[in-house]
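# An overview of the molecular structure
Each chain, written out:
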Amino acid sequence: MVMKSVSVAQLKSRLSQYLAAAKNGQEVTVTSHRHPIAKIVPLQKTLGDLQIIPAKKPAAALTKIKGLSLAVDLLGDLLADRRRR
């Protein structure tokens with residue numbers, strides 16, 4: 001792996017070039033007044049590493065989910081709280 005060193009001014013003027021270098025596997029060290037302050041490195045995982053897991057049930061099965069039945073009236077409590085303020 002080749003490592004490049006670049007000043008902040010150079011990085012600002014040629015950002016896309018250094019990002020392309022990182023995309024190709026190179027590390028880029030960013031310096032300010034000849035002191036390293038940051039490093040641009042390629043990502044370890046890419047979108048190609050992600051695995052798509054197929055659904056076990058069709059999307060139409062979502063409409064069969066029943067709501068919760070609560071013992072309290074949430075909307076009534078919220079409106080009462082707003083009236084008190």
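Quick caveat: nothing in here was measured; it's all calculated off a predicted structure. (Residues numbered from 1 in each chain as written. Predicted model: local features only at pLDDT ≥ 70, side-chain atom pairs only at ≥ 80, totals over all residues. Heavy atoms only, no water.)

## What to know about unusual backbone geometry
Positioned with a positive phi, His 33 is a non-glycine residue whose angle comes to about 55°. Within the secondary structure, His 33 is located in the loop between β2 (27-32) and β3 (35-40). Judged by relative accessible area, His 33 falls into the exposed class, the value being 74%. Of note, Arg 34 is a non-glycine position whose phi angle comes to about 65°, a positive value. Relative to the helices and strands, Arg 34 is located in the loop between β2 and β3. (Helix = DSSP H or I, 4+ residues; strand = E, 2+ residues; numbered from the N terminus. Buried < 20%, exposed > 50% of the residue type's maximum accessible area, 1.4 Å probe, protein only.)

## Here's the deal with the pairing of β2
For a regular strand, side chains alternate in direction, first toward one face of the sheet and then toward the other. The buried count for β2 comes to five of six residues, which makes it a mostly enclosed element. Sheet topology places strand β1 (residues 3-7) next to β2; five bridges connect them, and they run parallel. Its bridge partner being in β2, Ser 7 is matched across the sheet by Thr 31. Judged from the five bridges that link them, β2 and β3 form a sheet pairing that is antiparallel. The residue of β3 that forms the bridge with Ser 32 is His 35. Counted along the chain from β2 to the antiparallel partner β3, the turn is two residues long, and its residue His 33 has a positive phi close to 55°. (Pairing = 2+ DSSP bridges.)

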